[in-house]
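Results of the structural survey
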Amino acid sequence: MKKTLLLFTAFITLYSCKKDKVTGVITEKAMVVSARKEASKIGSDILQKGGNAFDAMVATELALAVSYPYAGNIGGGGFMVYRKNSGEIGALDYREKAPLAAHKNMYLDSLGNVIENKSTLGAMAVGIPGTVAGVFATHEKFGSLPIQEILKPIIALAKRGLIVTQKQEDRIKKYQHYFLEVNKDPILFDKPWKKGDTIKYPALAATLERIAINGRDEFYKGETAKRLVAFMQDNGGIITEEDLAKYEAKWRTPVTFTYDDLRIISMSPPASGGICLAQIMNGIEPFDLDKYGHNSTKAMQVITEAERRAYADRSFYLGDPDFVEIPIKTLISKEYTKNRMADFSFDKATPSTDVSHGSITMFESDETTHYSIVDQFGNAISATTTINGAYGSKLYCSDLGFFLNNEMDDFSSKPGIPNMFGLVGAEANKIEPEKRMLSSMTPTIVEKNGNLYMVVGTPGGSTIITSVLQTILNVHEFDMGMQEAVNQPRFHHQWLPDVIKMEPTGFDKKVKNKLRQLGYELDETNSPIIGKVDAILMLPNGKLEGGADPRGDDTAVGF
């Protein structure tokens, strides 16, 4: 069924022609791929010192908190999936939680209407951060190097500072008016930073130094916790010392399923990624994508229709598994998806109004970041972390040196009313104290014939799932290398709105015209970038190929 030779290879990629085969960074033993070169290098250096992938996870995550404040953080949270060299797999949920004082109607006025910006800007938008708990839980269970040794180069980086890239200059400029609106006093990012400037982070360095000395509890019970709570309450927030003290990262069982000779290992709820990825790939598996051709009309139809049905299920069923009963086994079963795809036809599009459940529009933040790690021992990590919107709530604690998330907006503020990203929530994702909000994050590891094969993930909000999907398919179905797979133009369908979002460069005009004739609406205007994939491929000769997305400043570093 699969892996026939592709004859049609004339499609144009975003950054290169198929005839000029693109190869990513190749290393012999180990690799880290992340959103900033500085973070990838610090992670790689920890591996070279003899640390393992879990030590490098701590290093890379916290280095991103310094080097990539747009999404990297200690004021947010995330998810991590791992595979040890023994084949053992697992997942860690360090997603933010709602404070104890949170309640279902906290963003509504006396008339029951949503108060504009209350769940997106400032202290009331902030969920209890999980990042520090996540890295310490990982280190406690699997780490090999002392935490102080891991944190030393990160603290040095914060003191030394980072050179501003053009993309960073553009991001700061774009969001500066929010910083001025939200923060009472001037903050570090109010200045007109330009490409080539160096930004130093002394307050963050001091916070990390206290964490290095006092450990995890410094952030959740120590001086840092007290200073953070004082800052939050001074700015009108509701997070308390009890909220921080009660926070725990949680080990979860990953979602696993098969596709041809692959075994996919992905994140379980409260991340929706693993379940949705399973549903989409189950829907695609019976079709000969490799024969249809990459980004051909038929291939795009099959993928779109499988996505449509998976996303229709997403909001109805998924939420925090500690609060909501989720029928995971049914949702990821091949029989269930077979029934869901029974009404698919190549002759015409299936209107989303004909696909249950309910009119629940979904679109969420794409300001997330991802990193992939394979160490010299054969351990692998895929981790995705976020503060939700760009620079989170835009609230910056100058005393401690970091932005706070606006993750509370990922809950349903009110049934039927969209959040800042158009997401209209269901009852399963209503606000409740200590509940974790639903996410699309999809850190994923792929095995082939029982061996480690790929480590994949991306930011991109609701497009995360489909970006991970297309990267895996590009390698498996269309015989691409990892960098080549990452570079390809991407498309996305999420049930509602009933449109195929497409990157504006790289899709064949004839294919687009045919899709329109079949009843598909295409949207290229709002999709200049879909995902920023950072991935690693195990090559047949045992070496590693990194795929660092050229849509960002992403970089692969290894040895």
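Residues numbered from 1 in each chain as written. Predicted model: local features only at pLDDT ≥ 70, side-chain atom pairs only at ≥ 80, totals over all residues. Heavy atoms only, no water.

1. Section: the overall build of the protein
The secondary structure content of the protein amounts to 17 helices and 21 strands. Scaling as 2.2 N^0.38, a compact globule of 559 residues should have a C-alpha radius of gyration of about 24 Å, and the protein matches this with 22 Å. Counting only C-alpha atoms and orienting by the principal axes, one finds that the protein spans roughly 60 × 60 × 45 Å. Per-residue burial for the protein yields a buried fraction of 65% across its 559 residues. A separation threshold of at least 6 residues defines the contact pool for the protein, and within that pool the share at least 24 residues apart is 74%. Of the accessible surface of the protein, which amounts to about 19500 Å², a share of 53% is contributed by carbon and sulfur atoms. (Helix = DSSP H or I, 4+ residues; strand = E, 2+ residues; numbered from the N terminus. Rg over C-alpha atoms; globule rule 2.2 N^0.38 Å. Buried < 20%, exposed > 50% of the residue type's maximum accessible area, 1.4 Å probe, protein only. Contact = heavy atoms within 4.5 Å. Areas by Shrake-Rupley, 256 points an atom, 1.4 Å probe, with all protein chains shown as cover.)

2. As for the pairing of strand β20 (residues 544–548)
Buried residues dominate β20, accounting for five of its five residues. Of the two faces of β20, both are covered, the one formed by Leu544, Gly546 and Ala548 as well as the one formed by Glu545 and Gly547. Note that strand β1 (residues 26–27) and β20 share two bridges and pair antiparallel. Looking at β20, one finds that Ile26 is bridged to Glu545. Where strand β19 (residues 534–538) folds back on β20, the antiparallel hairpin that results is connected by five residues, among which Gly542 adopts a positive phi of roughly 90°. (Pairing = 2+ DSSP bridges.)

3. Some words on the sheet that holds strand β9 (residues 262–266)
The strand order across the open sheet built from seven strands is β1-β20-β19-β15-β14-β9-β8, with neighbouring strands paired in antiparallel fashion. Two strands in the sheet have a free side with no partner beyond their single neighbour: β1 and β8 (255–259). Of the strand pairs in this sheet, β8 and β9 are connected by five bridges, and their pairing is antiparallel. Bridge pairing links Thr258 to Arg263 in β9. Here helix α15 (residues 464–476) sits on the sheet in contact with β8, β9, β14 (444–448), β15 (451–456) and β19, set at roughly 135° to β15. (Axes fitted to C-alpha atoms, helices over the stretch in contact; angles between N-to-C directions.)

4. Describing the environment of Thr138
Assignment of secondary structure puts Thr138 in helix α3 (residues 131–142). Taking the C-alpha atoms as reference points, Thr138 and Tyr68, separated by 70 residues in sequence, lie 21 Å from one another. Those residues in contact with Thr138 that sit more than four places away from it in its chain are Phe54, Met57, Met80, Leu92, Gly143 and Trp251.

5. As for helix α1 (residues 37–48)
Taking 1.5 Å per residue as the helical rise, α1 with its twelve residues ought to reach 16 Å, and the 16 Å between its terminal C-alpha atoms agrees with that figure. Those residues of α1 that sit buried are Ala39, Ser40, Ile42, Gly43, Ser44, Ile46 and Leu47. Buried residues belonging to α1 abut β2 (31–34), α2 (53–67), α4 (147–160), β10 (368–374) and β21 (555–558). The positive-phi residue at the C-terminal boundary of α1 is Gly50, with phi of around 105°. (Expected span 1.5 Å × (residues − 1).)

6. Considering unusual backbone geometry
Residue Pro269 is joined to Pro270 through a cis peptide bond whose omega torsion reads 20°. Here Pro270 lies in the loop between β9 and α10 (273–284). The omega torsion of the bond from Leu496 to Pro497 falls at 0°, within 30 degrees of zero and hence cis. Following the sequence through the fold, Pro497 ends up in the loop between β16 (491–492) and β17 (500–502). Despite not being glycine, Asn295 shows a phi value in the positive range, around 50°. In this fold, Asn295 is placed in the loop between α11 (289–292) and α12 (297–317). Judged by its relative accessible area of 7%, Asn295 is buried.

7. Comments concerning the packing of aromatic side chains
Describing an aromatic ring pair means giving the distance of the ring centres and the angle of the ring planes. Counted under the stated rule, the structure contains 28 aromatic pairs. When the ring of Phe316 is compared with that of Tyr317, the centres are 4.9 Å apart and the planes differ by 85°; the resulting orientation is edge-to-face. A relative accessible area of 41% means that Phe316 is categorised as partly exposed. Joined through ring pairs, the aromatic side chains of Tyr68, Tyr70, Tyr175, Tyr178, Phe179, Phe189, Tyr201, Tyr391, Tyr396 and Phe403 make up one cluster. (Phe/Tyr/Trp six-rings, centres within 6.5 Å; stacked < 30°, edge-to-face > 60°.)

8. Quick look at the packing of α4 against helix α6 (residues 202–214)
Contact geometry for α4 and α6: axes closest at 8 Å, N-to-C directions at 170°. Taken together, the axes of α4 and α6 lie roughly antiparallel to each other. Residues Ile147, Gln148, Leu151, Ile154, Ile155, Ala158 and Lys159 of α4 form the contact with α6, whose own contacting residues are Pro202, Ala205, Leu208, Glu209, Ile211 and Ala212. (Parallel < 35°, antiparallel > 145°, perpendicular 65-115°, else oblique.)

9. Some thoughts on the environment of Glu242
Among the secondary structure elements, Glu242 is positioned in helix α9 (residues 241–246). Look at Glu242 and you get partly exposed, because its relative accessible area is 48%. Spatially, the C-alpha atoms of Glu242 and Tyr220 are 8.9 Å apart, while their sequence positions differ by 22 residues.

10. Focus on α15
Structural remark: α-helix, 3.6 residues per turn; residues separated by three or four positions point the same way. The end-to-end C-alpha separation of α15 is 18 Å, in line with the 18 Å expected for 13 residues at 1.5 Å each. α15 sits mainly inside the fold: 13 of its 13 residues count as buried.

11. A few points about the sheet that holds strand β11 (residues 380–386)
Strand order across the open sheet formed by seven strands is β7-β4-β3-β11-β10-β2-β21, with antiparallel pairing between neighbours. Each edge of the open sheet carries a strand with a single partner, namely β7 (250–252) and β21. Averaged over neighbouring strand pairs, the angle between their axes works out to 15° when direction is ignored. Where β2 and β21 come together, four bridges link them in antiparallel fashion. Residue pairing for β21: Met31 is matched across the bridge by Gly558. Packed onto the sheet, α2 meets β2, β3 (77–83), β4 (89–94), β10 and β11 and runs at close to 155° relative to β10. Contacting β3, β4, β7 and β11, α3 crosses the sheet at an angle of about 150° to β4.

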